[in-house]
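Tertiary structure, described
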Amino acid sequence: HLNTRNVPQLPHTRLLWSGWSVRPVNVIQTRSYSTEKDTARVEEQSETEKKLTLEAEELRKEAAELTEKVKSLDDKYKRALAESENIRRRLTKQIDDAKLFGIQGFCKDLLEVADILGHATEAVPKDEISDKNPHLKNLFEGLSMTRQQLNSVFKRHGLETVNPMNEKFNPNLHEALFQQEVANVEPNTVVVVSKIGYKLHDRCIRPALVGVTKG
């Protein structure tokens, strides 16, 4: 018969049976810590975190630098596109102007011919042009037809006459030779055209020589 009332209830105590004898045994669970290993592990983790932090910072700096480079290259690219577009427009305009005004020098040379034909037809007395004088009549008609044909060719290629009689003086198209007083006429009005002018596609290649009223 086992009476266990006198057995002290100690913590972590087990009863070991050996036959009919009872021996109380205290079992104490202990845990040993390695201070050096834990410290080394903590230091290793700290060093790894520092390395990762430095690497992350370097990556952020590189990302910022790359972003700035991308912005700079994008700005240069847009500027290059704009410059190339401006060059293309200028070249296109120069080509168009060359097509329109390439005959400008040739037209200037023909203007003197047109002037001579005009003087020749205007110098013939109108009362002499009749069937009684067939040679003069035929010559006058030939000169008039040549003059008309030349003016038609001029107009077809964009060359037009500038005869500003009774018009306001325009310094872009007219050249004033003198001024004179004329009653009941507004100032700076063309009253005399000494020589007609010409313009090629709205570009003046020879101004009209005129006389204007005084202001």
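Values in this document were obtained by computation on a predicted structure and should not be read as measured data.

1. As for the nonpolar core
If you look at the biggest cluster of nonpolar residues, it comprises 11 residues: Phe101, Cys107, Leu111, Ala114, Leu117, Leu150, Phe154, Leu159, Tyr198, Leu200 and Ile205. Mapped onto this core, the elements with two or more residues apiece are helix H2 (104-123), helix H3 (134-156) and strand E6 (197-200). For this core, the element with the most residues is H2, which contributes 4 residues.

2. A look at the pairing of E6
With 4 bridges joining them, strand E3 (residues 159-162) and E6 adopt antiparallel strand pairing. Residue Glu160 lies in a different strand from E6, and its bridge partner there is Lys199. Sheet topology places E6 next to strand E7 (residues 203-206); 3 bridges connect them, and they run antiparallel. Looking at E7, one finds that Leu200 is bridged to Arg203. Where E6 folds back onto E7 in an antiparallel hairpin, the turn is made up of 2 residues, including His201, whose phi is positive at roughly 50°.

3. Examining a negative patch on the surface
On the surface, Glu55, Glu58, Glu62 and Glu65 cluster together to form a negatively charged patch. Note that Glu55 resides in helix H1 (residues 35-101). Accessibility expressed as a relative area gives 46% for Glu55, which makes it partly exposed.

4. Overview of the pattern of salt bridges
Pairing of side chains with opposite charge becomes possible as their charged atoms draw close. Within this structure, the stated rule accounts for 11 salt bridges. The residue Glu57 makes a salt bridge to Arg60 at a minimum N-O spacing of 2.4 Å. Residue Glu57 and its partner Arg60 are both found in helix H1; the two are separated by 3 residues, about one turn of the helix. Residue classification places Glu57 among the partly exposed residues on the basis of a relative accessible area of 34%.

5. Quick notes on the confidence of the model for the chain
Chain-level statistics for the chain give a pLDDT mean of 82 and a share of 80% at 70 or above. Least confident of the elements in the chain is strand E1 (residues 13-18), whose mean pLDDT is 43; most confident is strand E8 (residues 208-213), at 94. The low-confidence segment residues 9-22, where pLDDT is below 50, has 22 contacts with residues more than four positions distant or belonging to other chains.

6. Quick word on the packing of H2 against H3
With their axes 9 Å apart at the nearest point, H2 and H3 run at an angle of 145° to one another. Here H2 and H3 pass one another in a crossing that is left-handed. In contact with Leu110, Leu111, Val113, Ala114, Leu117, Gly118, Ala120, Thr121 and Glu122 of H2, H3 contributes Phe140, Leu143, Ser144, Thr146, Arg147, Leu150 and Phe154.

7. Considering the sheet that holds E3
Reading across from one edge, E3-E6-E7 is the order of the 3 strands in this open sheet, with antiparallel pairing throughout. Bordering the open sheet on either side are E3 and E7, each of which pairs with just one other strand. Direction aside, neighbouring strands of the sheet carry axes that sit 35° apart on average. Running over the sheet, H2 touches E3, E6 and E7 and is turned about 50° from E7.

8. Observations regarding H2
Between its first and last C-alpha, H2 extends 29 Å over 20 residues, near the 28 Å set by a 1.5 Å rise per residue. Burial in H2 covers these residues: Gln104, Cys107, Leu111, Ala114, Asp115, Leu117, Gly118 and Thr121.

9. Topic: unusual backbone geometry
Across residues other than glycine, the phi torsion is negative in most instances, and most of the peptide bonds are trans. If you check the backbone angles, Asn166 has positive phi at about 65° while not being a glycine. For Asn166, the position within the fold is in the loop between E3 and strand E4 (174-180).

Reading the values: the criteria
Residues numbered from 1 in each chain as written. Predicted model: local features only at pLDDT ≥ 70, side-chain atom pairs only at ≥ 80, totals over all residues. Heavy atoms only, no water. Core = buried A, V, L, I, M, F, W, Y, C linked by side-chain atoms within 4.5 Å. Buried < 20%, exposed > 50% of the residue type's maximum accessible area, 1.4 Å probe, protein only. Helix = DSSP H or I, 4+ residues; strand = E, 2+ residues; numbered from the N terminus. Pairing = 2+ DSSP bridges. Patch = residues over 30% accessible without salt bridge, like charges linked within 9 Å, V, L, I, M, F, W, Y side chains within 5 Å. Areas by Shrake-Rupley, 256 points an atom, 1.4 Å probe, with all protein chains shown as cover. Salt bridge = Lys/Arg side-chain N within 4 Å of Asp/Glu carboxyl O. Lys, Arg positive; Asp, Glu negative; His and termini not counted. Charge placed at Lys NZ, Arg CZ, Asp CG, Glu CD. pLDDT = per-residue confidence, 0-100. Contact = heavy atoms within 4.5 Å. Axes fitted to C-alpha atoms, helices over the stretch in contact; angles between N-to-C directions. Left-handed = near helix turned anticlockwise from the far one by under 90°. Expected span 1.5 Å × (residues − 1).

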